[in-house]
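Structural overview for review
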Amino acid sequence: MDSIKVGILMGSDSDITKMNKAAEILDHFGVRYFMTVASAHRTPERVIEIARRAEAEGWKILITGAGMAAHLAGFVAAHTVIPVVGVPMDSSSLGGIDALLSTVQMPGGIPVACMGLGSSGAKNAGLFAVEMLASFDSDLRQKLKDYRVEQKKSIEEKAAVIENQR
Ligand code: RP5
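All figures in this text were calculated on a predicted structure; none of them were measured in a lab.

Digging into the side chain of D15
Here D15 lies in the loop between β1 (6-10) and α1 (16-29). For D15, which is buried and forms no salt bridge, the nearest opposite charge comes from K18, at a distance of 6.3 Å. If we ignore the near neighbours within four places in the chain, the residues touching D15 are M10, G65, A66, M89 and S91.

Here is the structure:
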């Protein structure tokens with residue numbers, strides 16, 4: 001079996017539906033991952049343990065999803081040099097703007113790559129992780145190109161259906 005390449009952490013089990021979009025992409029591309037709940041403020045030691053495990057096992061990318069005063073991405077990034085991709089969750093009464101700013105505005109020195117909000121952001125985090133892995137894997141690069149072709153075909157088919165209805 002392949003080794004784990006990507007870790008997916010989320011601040012709460014309430015983030016699971018959205019963060020599953022990242023997992024679905026990794027499943028599609030056959031990238032092995034570890035997915036769990038770990039909160040920067042409720043279980044900080046657990047987050048540190050996972051960051052240490054990721055380093056020890058040679059995971060390549062960490063995807064984090066968190067909402068509200070979202071410090072999970074930055075907290076994980078503080079404990080590893082593995083690239084961290086943060087997905088702000090649109091789970092608050094502020095619609096996610098709080099999590100977006102918390103995730104994207106890392107002070108210089110500890111980077112976090114911030115995706116868009118919610119499900120689309122999680123899907124893109126999965127794709128971004130695959131793209132990073134594909135930089136060193138030509139089979140994966142070809143699969144990404146095939147995925148784009150399929151996407152294009154799907155839009156063209158939908159466009160044809162709409163045009164034929166008018
Ligand atoms: C964050 O606060 C989580 O990532 C979640 O998006 C939000 C709400 O968490 P719960 O109150 O649903 O556990 O920590």
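There is more to say, and it comes next.
Quick notes on the domain arrangement of the protein chain
For the protein chain, the assigned domains are domain 1 (6-135) and domain 2 (140-166). Relative placement of domain 1 and domain 2: their C-alpha centres are 29 Å apart. With eleven residues of domain 1 at the interface, the matching set in domain 2 holds six residues. In total, domain 1 and domain 2 occlude about 770 Å² of area from one another, counting both sides; carbon and sulfur atoms represent 67% of this. Contact with domain 2 buries area across many residues of domain 1, yet F29, E131 and A134 alone supply 59% of it, more than any other trio. Counting the contacts that link domain 1 with domain 2 gives four residue pairs in polar contact (both at pLDDT 80 or more). For the side of domain 1 that touches domain 2, the secondary structure elements donating two or more residues are α1 and α5 (118-134). The biggest single contributor to the side of domain 1 that touches domain 2 is α5, with six residues. Residues of the side of domain 1 that touches domain 2, tallied by class, amount to seven nonpolar, two polar and two charged.

What counts and what doesn't
Residues numbered from 1 in each chain as written. Predicted model: local features only at pLDDT ≥ 70, side-chain atom pairs only at ≥ 80, totals over all residues. Heavy atoms only, no water. Helix = DSSP H or I, 4+ residues; strand = E, 2+ residues; numbered from the N terminus. Buried < 20%, exposed > 50% of the residue type's maximum accessible area, 1.4 Å probe, protein only. Lys, Arg positive; Asp, Glu negative; His and termini not counted. Salt bridge = Lys/Arg side-chain N within 4 Å of Asp/Glu carboxyl O. Contact = heavy atoms within 4.5 Å. Domains from an automatic or database assignment. Buried area = accessible area lost by both parts, 1.4 Å probe. Polar contact = N/O pair within 3.5 Å; in protein donor to acceptor, adjacent residues only side chain to side chain. Nonpolar A, V, L, I, M, F, W, Y, C, P; charged D, E, K, R; others polar.

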